[in-house]
Amino acid sequence: MNTEIEPFQAIGVSRLAQALAAEGRSIIRMEFGQPSTGAPSAAIEAAHRVLDSDALGYWESPALKQRLARHYADTYGVDIDPDRFILTCGASPALVLALVSSFSPGDRVALARPGYVAYRNTLKALRMVPVELPCGADTRFQLTAAMLASLDPTPAGVIIASPANPTGAIIPADELGAIAKVCRERGIRIVSDEIYHGLSYVGPTHSMLEFEPSALVVNSFSKYFSMVGWRLGWLLVPPEHLARARAYVGNLFLTAPSLSQHAALAALDCTEELQANLAVYARNRDLLLAALPSLGLDRVAPPDGAFYIYASVAHLTDDSLGFCKQLVREAGVAIAPGVDFDPDQGRRFIRISFAVSTPQVEEGLRRMQPWFAAFRRA
Ligand SMILES: Cc1ncc(COP(=O)(O)O)c(C=O)c1O
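Conventions used here
Residues numbered from 1 in each chain as written. Predicted model: local features only at pLDDT ≥ 70, side-chain atom pairs only at ≥ 80, totals over all residues. Heavy atoms only, no water. Helix = DSSP H or I, 4+ residues; strand = E, 2+ residues; numbered from the N terminus. Rg over C-alpha atoms; globule rule 2.2 N^0.38 Å. Buried < 20%, exposed > 50% of the residue type's maximum accessible area, 1.4 Å probe, protein only. Contact = heavy atoms within 4.5 Å. Lys, Arg positive; Asp, Glu negative; His and termini not counted. Charge placed at Lys NZ, Arg CZ, Asp CG, Glu CD. Pairing = 2+ DSSP bridges. Near = heavy atom within 4 Å. Polar contact = N/O pair within 3.5 Å; in protein donor to acceptor, adjacent residues only side chain to side chain. Nonpolar A, V, L, I, M, F, W, Y, C, P; charged D, E, K, R; others polar. Phe/Tyr/Trp six-rings, centres within 6.5 Å; stacked < 30°, edge-to-face > 60°. Axes fitted to C-alpha atoms, helices over the stretch in contact; angles between N-to-C directions. Core = buried A, V, L, I, M, F, W, Y, C linked by side-chain atoms within 4.5 Å. Left-handed = near helix turned anticlockwise from the far one by under 90°. Salt bridge = Lys/Arg side-chain N within 4 Å of Asp/Glu carboxyl O.

Caption draft 1: Seen up close, the overall build of the protein. Regarding its fold elements, the protein presents twelve helices and twelve strands. The C-alpha radius of gyration of the protein comes to 21 Å, within 12% of the 21 Å expected for a compact globule of 378 residues. Judged by the C-alpha coordinates and their principal axes, the protein covers about 60 × 55 × 40 Å. For the protein, the proportion of its 378 residues judged to be buried stands at 54%. Considering only contacts within the protein whose residues lie at least 6 apart along the sequence, 76% involve residues at least 24 apart. Positive and negative side-chain charges in the protein, numbering 34 and 38 respectively, have mean positions lying 5 Å apart.

Caption draft 2: Structural detail: the sheet that holds strand E9 (residues 308-312). Pairing is antiparallel in the open sheet, where three strands are placed in the order E9-E12-E11. Every other strand in the sheet has two partners, leaving E9 and strand E11 (336-337) as the edge strands with one partner each. Bridge count between E11 and strand E12 (residues 349-353): two bridges; the pairing is antiparallel. Within the sheet, the bridge partner assigned to Ala336 lies in E12 and is Arg351.

Caption draft 3: The site of the ligand, seen in detail. Around the ligand, the surrounding shell holds 13 residues, and the nearest of these are Ala91, Ser92, Asp193, Tyr196 and Ser220. Contact between the ligand and Ser92: an oxygen atom at 2.6 Å from a side-chain N or O atom of the residue. In this structure, Asn165 approaches the ligand through a side-chain N or O atom, which is 2.8 Å from an oxygen atom. For the shell around the ligand, a count of residues per class yields five nonpolar, five polar and three charged.

Caption draft 4: Summary view of unusual backbone geometry. Residue Pro114 is bonded to the preceding Arg113 through a cis peptide linkage, with omega at 10°. Within the fold, Pro114 resides in the loop between strand E3 (108-113) and helix H5 (117-125). With an omega dihedral of 20°, the bond running from Asn165 to Pro166 counts as a cis peptide bond. Within the fold, Pro166 resides in the loop between strand E5 (157-161) and helix H7 (173-186). Phi is positive for Leu56, close to 55°, though the residue is something other than glycine.

Caption draft 5: Local environment of the packing of aromatic side chains. Taken as a whole, this structure holds 22 aromatic pairs when the rule is applied. Where Tyr201 meets Phe354, the ring centres are 6.1 Å apart and the plane angle is 50°; that geometry is what we call tilted. Residue Tyr201 is located in the loop between strand E6 (189-193) and strand E7 (216-220), and its partner Phe354 is located in the loop between E12 and helix H12 (358-377); the two are separated by 153 residues in the primary sequence. Grouping residues by exposure puts Tyr201 and Phe354 together as buried. Aromatic pair Trp371 and Phe375: ring centres 5.1 Å apart, planes at 35°, arrangement tilted.

Caption draft 6: Highlighting the sheet that holds E3. Pairing in this open sheet of seven strands is mixed, and the strands run E2-E8-E7-E6-E5-E3-E4 from one edge to the other. Looking at the sheet topology across the chains shown, the edges are occupied by strand E2 (85-88) and strand E4 (129-134). For this sheet, the mean inter-axis angle between neighbouring strands, taken without regard to orientation, is 20°. Bridge analysis of E6 against E7 gives three bridges, and the strand direction is parallel. Bridged to Val191 within E7 is Leu216. Here helix H4 (residues 91-102) sits on the sheet in contact with E2, E5, E6, E7 and strand E8 (233-236), set at roughly 165° to E7.

Caption draft 7: Examining the nonpolar core more closely. Formed by 121 residues in total, the largest nonpolar core has its most connected members in Tyr72, Leu143, Leu148 and Phe221. For Tyr72, the contacting residues outside a window of four places in its chain are Gly77, Val78, Ile80, Phe85, Ser207, Leu209, Val217, Asn219, Trp234 and Leu236. Ala10, Ala301, Tyr310 and Phe349 belong to the second largest nonpolar core, which has seven residues in total.

Caption draft 8: Summary view of the packing of helix H3 (residues 62-76) against helix H9 (residues 258-267). The geometry of H3 relative to H9 is characterised by a closest axis approach of 9 Å and an angle of 35° between their N-to-C directions. In the packing of H3 onto H9, the handedness of the crossing is left-handed. On the side of H3, the interface is formed by Ala63, Leu64 and Arg67, while H9 contributes Gln261, Ala264 and Leu265. For the contact of H3 with H9, the class distribution of residues is four nonpolar, one polar and one charged.

Caption draft 9: Main features of the pattern of salt bridges. Inspection of every chain in the model, using the stated rule, returns 14 salt bridges. One salt bridge in this structure joins Lys65 and Glu60, with 2.9 Å as the shortest N-O distance. The partner of Glu185 in a salt bridge is Lys181, and the shortest N-O contact between them spans 3.1 Å. Here Lys181 and Glu185 lie together in helix H7, a separation of four residues that amounts to about one turn.

What follows is the structure, given as structure tokens:
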């Protein structure tokens, strides 16, 4: 079994951006999916208060788990026992926990390609077998119930991501229901990565839990809640899975940062501030969608949610990594190469993150327009 894992190529572009910035160049950073806004102010205030009064030991906040249960009731209409939440240092360890507690080495796990780079690599690191399903414009770059129904042999599991990274594409509710049905019939365990929930431009996002109560759900405070560096997320597991998942978390990770748990409890009530961030992303998305055709980028995946645009550059290059490095060197705009998300077709795609301010998007476009025109001519 090939267990070698590839590096995250966007980090290479990012290092180059940092080096250029250190030389005094102005660089617009749109290569990572990280909000530039920071934690909501009430979360920061809560953290300040706690720093002065709490010893911050190993801890799982009962209040945060109760608040999260209320969030699921309010948002999705599902009733969750607060004890089913396992707090983690972000979605990344939640994903490791979900996989390691659900599957065995050698198990086959299906996922969409393009998809988040860590799915494939985490599966490989755990000696599991990623079964990548090539997904194109015909299925809105998402896997479907029909694809899962036709897999032979039947995989042990599937990772669903909606809204997805790198595309932002959302799986509609009826398709989520169809996926849940196929998985029930075929005994496929669902791991649903819902990290981009709350960031939708086309209406509410549905949790897989509305369709399949035994799904494992991964989520985090990194994206909608704008708390990337606080390293806090959660895994929701079905009751029969809890003891096993807790045994893993106790041995592999212990607890999530106490300070972040206090701050996150406050963040869950910062709706006004967080919706204002969403309004900025919506404006950035509109600006990009209006301007990208003038750059020659008229084939983009449906950016229903998250804060990404995944665009074809097939008419310009089949080396998206080299293309992104040249763009940052020559125009001072850092974006991610598609190869991270799809080692094959991704050579002809780029991902632009618009989790930045609107003036940064405007400046990025101002720089890219002449650069793309010159690239097309050359
Ligand atoms: C789809 C997806 N899942 C999980 C993660 C990991 O997020 P974190 O560990 O910061 O919560 C990311 C990060 O970009 C992501 O895009």
